[in-house]
Amino acid sequence: MSLTVHQFACLSDNYGFLVRDEASGYTACIDTPEAGAILRELKSLGWKLDLILNTHWHPDHAGGNADVQAATGARVVGPAEVTRIATLDREVRGGDQVQLGDTRFEVIESGGHTLGHIAFHSPEEKVAFVGDTLFALGCGRLFEGTPEQMWASLQRLAALPDDTTVYCAHEYTASNARFALSVDDDPALRARAEAVFAARERGEPTVPTTIGLERATNPFLRAPVLAERVGAAGQSDHQAFAAVRAAKDMFRG
Ligand code: ZN
Ligand code: FE
């Protein structure tokens, strides 16, 4: 039982992921930010694609579905909202399971960035592909959902074991870190921010992250602790989250 994850940069700041169940050789890609890049990576690895797993309908996640499907014959699994821009072979929702050879993924409902957003979690492999819900030191913008919905989604992800490796879909970490430092001066955050700035200066990715690291330093997960800093003292957790999200939307740094 083992899963190999191949991560590569594409478009301006997206990450693409190819995952292979080593026992069976079955291979999937998580989202299709850029068909050409995915097909190139498959070719250089010598992998044959069986499955496309979509997290949400946005073009930088499902826009390459048709071309990747045409070139590989892969089946497409995703939330119903993907049919806004592509076809699905199987519609899944929170609580469903997706099998890739011997590797089992649980679908976690993670709406908020889009209404139907989902994440894919393998408890055995301790990996989660979270699309645009949870970012390293950040979270997705609320294009469709409410703060309450997004807070509930983030809590579902934060409840995964601390040693879960989290693959997010964008390299936004340096700008997320600048915002985080504006609302939080916790030493763990300051240390992490320094490491993030240094890694980016060396041109290194800051993805993946882990649930434990995000729980300790991500200002969105720490919203209840930061409530006073963002003018939400005494309010409920999701209201504190809404205030952190609003502050980030206004932040220019
Ligand atoms: Zn998106
Ligand atoms: Fe995106």
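Summary of the structure given here. Since we're looking at a predicted model, the values are computed, not measured. (Residues numbered from 1 in each chain as written. Chains lettered and ligands numbered in written order. Predicted model: local features only at pLDDT ≥ 70, side-chain atom pairs only at ≥ 80, totals over all residues. Heavy atoms only, no water.)

## Some points on the packing of helix α4 (residues 147-158) against helix α9 (residues 237-250)
It is the contact of α4 with α9, at a shortest axis distance of 9 Å, that shows an interaxial angle of 105 degrees. Here α4 lies roughly perpendicular to α9, going by the angle between them. Seen from α4, the contacting residues are Pro147, Glu148, Met150, Trp151 and Leu154; seen from α9, they are Asp237, His238, Phe241 and Ala242. The residue makeup of the contact of α4 with α9, split by class, is six nonpolar, one polar and two charged. (Axes fitted to C-alpha atoms, helices over the stretch in contact; angles between N-to-C directions. Helix = DSSP H or I, 4+ residues; strand = E, 2+ residues; numbered from the N terminus. Parallel < 35°, antiparallel > 145°, perpendicular 65-115°, else oblique. Contact = heavy atoms within 4.5 Å. Nonpolar A, V, L, I, M, F, W, Y, C, P; charged D, E, K, R; others polar.)

## Structural notes on the sheet that holds strand β14 (residues 209-210)
Spatially, β7-β8-β9-β10-β13-β14 is the arrangement adopted by the six strands of the open sheet, whose pairing is mixed. Taken across any chain shown, the strands that pair with only one partner, and hence form the sheet edges, are β7 (97-100) and β14. Of the pairings in the sheet, the one linking strand β10 (residues 127-131) to strand β13 (residues 165-168) comprises four bridges and is parallel in character. Residue Phe129 lies in a different strand from β13, and its bridge partner there is Tyr167. The strands touched by α4 within the sheet are β8 (103-109), β9 (118-122) and β10, with β8 carrying the most contacts at an inclination of about 155 degrees. (Pairing = 2+ DSSP bridges.)

## Observations concerning the sheet that holds strand β4 (residues 51-53)
Strand order in the open sheet formed by six strands is β1-β2-β3-β4-β5-β6, with mixed pairing between adjacent strands. Two strands bound the open sheet, and with one partner strand each, they are β1 (3-10) and β6 (90-91). The sheet contact formed by strand β5 (residues 75-78) and β6 spans two bridges and is parallel. By the bridge assignment, Val77 is partnered in β6 with Arg90. Across the face of the sheet, helix α1 (residues 35-45) comes into contact with β1, β2 (14-21) and β3 (27-30) while running at roughly 135 degrees to β1.

## Let's talk about the coordination of the zinc ion (ligand 1)
Each donor-metal-donor angle in an ideal tetrahedron of four donors is 109.5 degrees, and each such angle in an ideal octahedron of six donors is either 90 or 180 degrees. For the zinc ion (ligand 1), every protein donor is listed as His56 (NE2), His58 (ND1), His113 (NE2) and Asp132 (OD), and the spread of their distances is 2.2 to 2.3 Å. Coordination at the zinc ion (ligand 1) is irregular: its four donor atoms span angles of 87 to 174 degrees at the metal. Between the donor residues of the zinc ion (ligand 1), the gaps in sequence give the motif H-x1-H-x54-H-x18-D. Separating the zinc ion (ligand 1) from the iron ion (ligand 2) is a distance of 3.2 Å, and Asp132 supplies a donor atom to each of them. (Donors = N, O, S within 2.8 Å, 3.2 Å for Na, K, Ca; no water. Tetrahedral: all angles 85-135°; square planar, octahedral: opposite > 155°, others 65-115°.)

## Considering the coordination of the iron ion (ligand 2)
Bound to the iron ion (ligand 2) on the protein side are Asp60 (OD), His61 (NE2), Asp132 (OD) and His170 (NE2), at distances that span 2.1 to 2.3 Å. With four donor atoms in place around the iron ion (ligand 2) and angles of 84 to 167 degrees between them, the coordination shape is irregular. Along the chain, the residues donating to the iron ion (ligand 2) fall in the pattern D-H-x70-D-x37-H. Overall, the relative accessible area of 18% leaves Asp60 in the buried class. You can call Asp132 buried: its relative accessible area is 4%. (Buried < 20%, exposed > 50% of the residue type's maximum accessible area, 1.4 Å probe, protein only.)

## Side note on the pattern of salt bridges
For the coordinates displayed, the defined rule picks out 16 salt bridges. Its salt-bridge partner being Asp163, residue Lys126 comes within 3.5 Å of it at the nearest N-O pair. You can see Lys126 sitting in the loop between β9 and β10 and its partner Asp163 sitting in the loop between α4 and β13, a full 37 residues away along the chain. Through salt bridges with shared partners, one network takes in Arg104, Glu106 and Glu124. (Salt bridge = Lys/Arg side-chain N within 4 Å of Asp/Glu carboxyl O.)

## Thoughts on the side chain of His117
Locating His117 in the fold gives a position in the loop between β8 and β9. Side-chain polar atoms of His117 contact the side chain of His56, separated by 3.3 Å. With residues near it in sequence (within four places) discarded, His117 still touches Thr55, His56, Glu81, Ile108, Glu109, Ser110, Gly111, Val130, Gly131, Asp132 and Thr133. (Polar contact = N/O pair within 3.5 Å; in protein donor to acceptor, adjacent residues only side chain to side chain.)

## Some thoughts on the environment of Gln235
Looking at the element boundaries, Gln235 is found in the loop between α8 (223-226) and α9. Gln235 sits 111 residues away from Glu124 along the chain, and the two C-alpha atoms are 37 Å apart.

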